[in-house]
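Structural overview
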Protein chains: 4
Amino acid sequence: MALAMGREALNEFLDRAFPQIAGQVRVESLDETGLTARLKVDDRHLRPGGTVSGPSMFALADVAIYLAILARIGEVALAVTTNASIDFMRKPEAGRDLLADCRILKLGRMLAVGEVLIRSDGTEEPVARCSMTYAIPPKR
Amino acid sequence: MALAMGREALNEFLDRAFPQIAGQVRVESLDETGLTARLKVDDRHLRPGGTVSGPSMFALADVAIYLAILARIGEVALAVTTNASIDFMRKPEAGRDLLADCRILKLGRMLAVGEVLIRSDGTEEPVARCSMTYAIPPKR
Amino acid sequence: MALAMGREALNEFLDRAFPQIAGQVRVESLDETGLTARLKVDDRHLRPGGTVSGPSMFALADVAIYLAILARIGEVALAVTTNASIDFMRKPEAGRDLLADCRILKLGRMLAVGEVLIRSDGTEEPVARCSMTYAIPPKR
Amino acid sequence: MALAMGREALNEFLDRAFPQIAGQVRVESLDETGLTARLKVDDRHLRPGGTVSGPSMFALADVAIYLAILARIGEVALAVTTNASIDFMRKPEAGRDLLADCRILKLGRMLAVGEVLIRSDGTEEPVARCSMTYAIPPKR
């Protein structure tokens, strides 16, 4: 499937539409099978113990899957998350960014399903996995 | 089951242990069957369209269930979220706080399970439901 | 909201459309806020240790939510499960039926969300909780 | 990680410990990174429309992840499912077996997490994805 938006276009969209996380999340790479996003971890993302908080990982997974869908259907569509399931499996390494490797498993007319594995930059073992469903509004 | 911590103690704990969300989340009420927490919605929680973002609702659910567990087992225990499932069902009303009504369904030796219904203040219909599992570390 | 189908009509539908579980699941009660279904536990539902298997509880939750949706929108619609999340919290009591108490949290034009608490007949503590999303096909 | 049980040992265990599904589910292949299990689809697994039922897919995912854990820790341990999340994404093809490709994402001292993609035999697109958590009882 040809991509409707490339890496630069997705990052520009992110800055424009989501100013609250501008500069925190970046699309690292993108191809027809998947997308990798980076969370530039700073103090805002930490919880007691110095590790990245669950809501920060949830936000990263949400953005990564959302952008992977937009990469396929274009910016015109306003997709909304309807369901998410997340497993927190290991403590992220302190002082490292998080990388989210995302795959779209289904891109239907009304629903899209994506999944993400999150890992600390420079490591292989996943710290979290997440799957999400997005409702895609009908074209006008 | 007698409560180990009351509303004031939980709010003080929140301010001390989670300075990043201090002032944003408050325990409203608490009894032996449940806990209600309020998210004081401001610009940080919004997404395009003026509605509260999914990660903000996730964070509210996470804190509410965490505090409901601590209310029962006390501050000494460090519980961590291992799994969460969330359904976003309706768009929250613009300009209103969110209330999270939480129940603990299981409080075992190793695992606790809680669930939350989130609604806009002043309305009845749930905007989101969430269930979470926490691992409770063994006592030393 | 007025109900489109009553208890008898739902049980007849179950026998007709799902012969594989005919006689195993029954609607016990039904009103505008919820539905209770019974699983008549027999050897087919057991796993090692004499307890009811996870897939049997999943099937009970699935049927209960499905019937609660049909009670509201009528038999004409063919709803399909798109997502389910289930927590197994306690071991069901040996030799007892299971009861599933179901609530519909959202009944939209395209998606419905329901949740279920499952308990052993005669006891109060939930053995499992489950939430499910159903896609409702558009009317022709 | 060396495997504690091979394909034959797992299939023998299945027949012995789970007579209710004996002959329905088989381990097809197994290595250090994953396991593939087959559901021999017959009338018991079908729902109206001739497609495989959701509970049958849930049962297949449950068995596949369970066996992948036992392959690593051996038959001695009695693991129980504590949480499952499943997305049904496409209708399985009529008249074909289902294959479940399973990976263990975490194998901790107390909790294991696995995920599964289910597809119709001979096709590539996933019909369902599932992630599950198992509690592993402490060694005596």
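Preceding block: the structure.
A brief look at the structure comes next.

Scoring rules and cut-offs
Position numbers for residues start from 1 in each chain and track the written sequence from start to end. Lettering for chains starts from A, numbering for ligands starts from 1, and both go in the order in which the items are written. Confidence filtering applies because this is a predicted model: local features only for residues at pLDDT of at least 70, side-chain atom pairs given and counted only at 80 or more, and all residues used for totals across whole chains, interfaces and linings. By the criteria applied, helices consist of DSSP H or I runs no shorter than four residues and strands consist of E runs no shorter than two, each listed in order from the N terminus. When we talk radius of gyration, it's over C-alpha atoms, and the globule rule is simply 2.2 Å times the number of residues to the 0.38. Around each residue's C-beta, the other C-beta atoms within 10 Å are counted; 20 or more make the residue buried, 12 or fewer make it exposed, and counts in between make it partly exposed. All C-beta atoms are placed from the backbone. Residues are treated as contacting if the C-beta atoms built from their backbones sit within 7 Å of each other. A fitted line through C-alpha atoms serves as each axis, taken over the contacting stretch for helices, and the angle formed by two N-to-C directions is quoted from 0 to 180°. Should an angle fall under 35 degrees it is called roughly parallel, over 145 degrees roughly antiparallel, and 65 to 115 degrees roughly perpendicular, with every other angle called oblique. What makes a crossing left-handed is the near helix being turned counterclockwise from the far one by less than a right angle; a clockwise turn instead makes it right-handed. Residues are grouped as follows: Ala, Val, Leu, Ile, Met, Phe, Trp, Tyr, Cys and Pro are nonpolar; Asp, Glu, Lys and Arg are charged; every other residue, Gly included, is polar. In superposing the copies, a least-squares fit is computed on C-alpha atoms, taking residues whose pLDDT is at least 70 in both. Note on pairing: DSSP must find at least two bridges between two strands before they are called paired. Helices are assigned an expected span. That span is 1.5 Å times one less than the residue count.

**Thoughts on the overall build of chain A**
Looking only at helices and strands, chain A has two helices and eight strands in total. From first element to last, N terminus to C terminus, chain A shows the α and β order α-β-β-β-β-α-β-β-β-β. Scaling as 2.2 N^0.38, a compact globule of 140 residues should have a C-alpha radius of gyration of about 14 Å, and chain A matches this with 14 Å. The principal-axis extent of the C-alpha atoms belonging to chain A is close to 50 × 25 × 25 Å. Expressed as a percentage of the 140 residues in chain A, the buried residues total 44%. When contacts within chain A are restricted to residue pairs at least 6 apart in sequence, long-range pairs at least 24 apart make up 63% of them.

**Let's talk about the packing of helix α2 (residues 54-73) of chain C against helix α2 (residues 54-73) of chain D**
One can describe the packing of α2 of chain C onto α2 of chain D by two numbers: an axis separation of 9 Å at closest approach and a directional angle of 155°. The orientation of α2 of chain C with respect to α2 of chain D, classified from their angle, is roughly antiparallel. The crossing of α2 of chain C and α2 of chain D is right-handed. Only G54, P55, F58, A59 and D62 of chain D of α2 of chain D make contact with α2 of chain C, whose side of the interface consists of G54, P55, F58, A59 and D62 of chain C. Residue composition of the contact of α2 of chain C with α2 of chain D, grouped by class: six nonpolar, two polar and two charged.

**Let's talk about the relation of the copies chain A and chain C**
Structural alignment of chain A on chain C gives an RMSD of 0.0 Å, achieved by rotating through 180° and translating 0.0 Å along the axis. This pairing of chains is accounted for by a two-fold axis.

**So, the interface of chain A and chain C**
Across the boundary between the two partners, chain A contributes seven residues, which contact seven residues of chain C. Counting residues per element, the ones that place at least two in the side of chain A that touches chain C are β5 (80-88) and β8 (128-135) of chain A. Counting residues per element, the side of chain A that touches chain C draws most heavily on β5 of chain A, at three residues. In the side of chain A that touches chain C, the residues fall into three nonpolar, four polar and no charged.

**Digging into the sheet that holds strand β5 (residues 80-88) of chain B**
Sheet strands associate in pairs through backbone hydrogen bonding, adopting either a parallel or an antiparallel arrangement. Ordered by their spatial adjacency, twelve strands build an open sheet running β1(A)-β2(A)-β6(A)-β7(A)-β8(A)-β5(A)-β5(B)-β8(B)-β7(B)-β6(B)-β2(B)-β1(B), and the pairing between neighbours is antiparallel. The open sheet terminates on both sides in strands that have one partner only, identified here as β1 (25-30) of chain A together with β1 (25-30) of chain B. Here the average twist between neighbouring strands, direction ignored, is 20°. Across five bridges, β1 of chain B lies against strand β2 (residues 35-39) of chain B in antiparallel orientation. Its bridge partner being in β2 of chain B, V25 of chain B is matched across the sheet by L39 of chain B. Packing against the sheet, helix α2 (residues 54-73) of chain B makes contact with β5 of chain A together with β1, β2, β5, β6 (98-107), β7 (111-120) and β8 (128-135) of chain B, and its axis sits at approximately 45° to β6 of chain B.

**With respect to the sheet that holds strand β1 (residues 25-30) of chain D**
Reading across the sheet, the twelve strands line up as β1(C)-β2(C)-β6(C)-β7(C)-β8(C)-β5(C)-β5(D)-β8(D)-β7(D)-β6(D)-β2(D)-β1(D) and stay open at both edges, with antiparallel pairing between neighbours. Here the strands that pair on one side only, and so sit at the sheet edges, are β1 (25-30) of chain C together with β1 of chain D. With direction set aside, neighbouring strand axes in the sheet form an average angle of 20°. Inspection of the sheet shows strand β2 (residues 35-39) of chain D paired to strand β6 (residues 98-107) of chain D by five bridges, in the antiparallel sense. Paired with L35 of chain D across the bridge in β6 of chain D is C102 of chain D. This element, α2 of chain D, spans β5 (80-88) of chain C together with β1, β2, β5 (80-88), β6, β7 (111-120) and β8 (128-135) of chain D of the sheet and lies at about 45° to β6 of chain D.

**Concerning the relation of the copies chain D and chain C**
With an RMSD of 0.0 Å, chain D superimposes on chain C once it is rotated by 180° and translated 0.0 Å along the axis. Both copies contact each other with a shared surface, as 100% of the interface residues of chain D are interface residues in chain C too.

**Some remarks on the environment of R109 of chain C**
Summarising the element assignment, R109 of chain C is placed in the loop between β6 (98-107) and β7 (111-120). It is 28 Å that separates the C-alpha atoms of R109 of chain C and M57 of chain C, two residues lying 52 residues apart in sequence.

**Observations concerning the interface of chain D and chain C**
Listed as interface residues are 17 residues of chain D and, on the opposing side, 18 residues of chain C. Counting residues per element, the ones that place at least two in the side of chain D that touches chain C are α2 and β5 of chain D. Of all the elements, β5 of chain D adds the most residues to the side of chain D that touches chain C, at eight residues. By residue class, the composition of the side of chain D that touches chain C is eight nonpolar, six polar and three charged. Examined bridge by bridge, β5 of chain C and β5 of chain D share five bridges and lie antiparallel to one another.

**Topic: the pairing of strand β8 (residues 128-135) of chain C**
On a regular strand, one side chain projects to one face of the sheet and the next to the other, so that they alternate. Residues and elements named next belong to chain C. Across the eight residues of β8, seven count as buried, placing the element largely inside the fold. Pairing analysis gives eight bridges linking β5 to β8, with the strands arranged antiparallel. Each residue of the ladder has a partner; that of S85, found in β8, is S131. Bridging between β7 and β8 involves eight bridges; their strand directions are antiparallel. When the sheet's bridge partners are listed, V113 is paired in β8 with T133.

**Let's talk about the pairing of β7 of chain D**
All names here are of chain D. Burial of β7 is extensive: nine of the ten residues sit out of reach of the surface. The sheet contact formed by β6 and β7 spans nine bridges and is antiparallel. Paired with L107 across the strands is A112, a residue of β7.

**Examining helix α2 (residues 54-73) of chain A**
Residues and elements named next belong to chain A. With 20 residues, α2 should cover 28 Å at 1.5 Å per step; its first-to-last C-alpha distance of 29 Å lies within 8% of that length. Of all 20 residues making up α2, 18 are buried, and the element is well covered by its neighbours. Remark: G74 follows α2 within two positions and exhibits a positive phi of approximately 90°.

**Focus on the environment of A68 of chain A**
All names here are of chain A. Along the chain, A68 turns up in helix α2. Linking A68 and R96, residues 28 residues apart in sequence, is a C-alpha distance of 23 Å. Discounting chain neighbours no more than four positions away, the residues touching A68 are L35, C102, I104 and G114.

**Remarks on the environment of G95 of chain C**
All names here are of chain C. Looking at the element boundaries, G95 is found in the loop between β5 and β6. Judged by C-beta crowding, with 9 C-beta atoms within 10 Å, G95 ranks as exposed. A C-alpha to C-alpha distance of 9.7 Å links G95 and D121, two positions 26 residues apart in sequence.

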